[in-house]
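What follows is the residue order along each chain.
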Amino acid sequence: MRRLLAHLAALCLAAGVLAVLVPSAANAAACAGAWSSSAVYTGGATASYNGRNWRAQWWTQGETPGSAAVWADQGTCTGGSGGETSCSYPNWVAGQWYAVGSIVRYTDGNHYIAVHENPGYDPVISHWYWDPYTCNGGGPTDPPPDPSGFVVSQAQFDQMFPGRNSFYTYSGLVAALSAYPAFAKTGSDTVRKQEAAAFLANVGHETGGLVHIVEQNTANYSHYCDPGQSFGCPAGQSAYYGRGPMQLSWNYNYKAAGDALGLPLLTNPWLVQQDASVAWKTAIWYWMTQNGPGTMTAHNAIVNGRGFGETIRSINGRVECNGGNPAQVQSRINSYQRFTQILGVSPGGNLSC
């Protein structure tokens, strides 16, 4: 009898230890909304993957829970969504930068999703930047599709220019696309992505990675007024220095771009450094309409199969091409190859000039 009692006690003890080591399914948390590779998650957002809940520690998209440091394991989960458990989005912070798709909890307890990137604008005041978001127990949802149909997503743009100046917004670029509908929308999907990559590689080179808004050498400012033009320099002798993604300069270029875009750039060239959409429009204007020192526009160089090298010639061929500055040419090529890799497309041939 003593042996039997001792054996039963040992079994009970083992069962108790096992119960401590392996929690029952009944004690597991409810699963948050399923993780989506295309959804944007901000710090504090939760998602479920492979039977476990995960919490994003910072902004992420396309990084699989369990294989990326951005995701913190919250333990096993079971069943459907857990109501407010999966609705634990971070509190909105004034002045904090928010990407498209970011979801926040405002001070009134309601949730909002960013439909345009913004530097922490108030969700209940800046309705163009934020839409109400219903927290129904599901996890983060895919951001609304970009109506522009641009082949570069917000996340890819951020990956291309992680240290860019906040002036160069993705929303400003998207807004500028309407000025020239053929830009990055001509030809096959491959050609469209190659054109977007070529454009962004060149403007990135011109601005130090979309860092500089204006030309850095102020000693050059007074040189960009051509007095031989009939329209003169109404904004002043030193007003037509390089600005924007393509570093637009010279009074005659401001005049031509302003006329084409319906903007008073000759009399108010400062618009290019004050309005992101205007800045992007001037860059696309040059890309689509100007041969520069080359024999064709950069747009035609890509869509007609002349290659990335011909776009360099159209922008700065006199200085860089034909052995003029091979290091600068290679810098542009390197960026183009990296951007085409991000977009998942071949860079094509004829990369140099």
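Structure's up top.
Residues numbered from 1 in each chain as written. Predicted model: local features only at pLDDT ≥ 70, side-chain atom pairs only at ≥ 80, totals over all residues. Heavy atoms only, no water.

### Re the state of the cysteines
Piece 1. Under the definition given, this model contains two disulfides.
Piece 2. Between C225 and C233 runs a disulfide, and the two sulfur atoms are separated by 1.9 Å. Across the S-S bond of C225 and C233 the torsion is about 110 degrees, and the bridge reads as right-handed.
Piece 3. At a sulfur-sulfur separation of 2.0 Å, the disulfide partner of C321 is C353. Disulfide C321 to C353: torsion about the S-S bond roughly -90 degrees, handedness left-handed. Of this pair, C321 sits in the loop between α9 (308–320) and α10 (326–343) while C353 sits in the segment after α10, and the two are 32 residues apart along the sequence.
Piece 4. Since its relative accessible area comes to 16%, C353 is described here as buried. (Disulfide = S-S within 2.5 Å. Helix = DSSP H or I, 4+ residues; strand = E, 2+ residues; numbered from the N terminus. Buried < 20%, exposed > 50% of the residue type's maximum accessible area, 1.4 Å probe, protein only.)

### Quick look at unusual backbone geometry
Piece 1. One non-glycine residue, W250, adopts positive backbone phi at about 80 degrees.
Piece 2. Looking at where W250 falls in the secondary structure, it is placed in the loop between α4 (189–206) and α5 (251–261).
Piece 3. A positive phi angle, near 55 degrees, is found at N350, a position not held by glycine.
Piece 4. Along the polypeptide, N350 turns up in the segment after α10.

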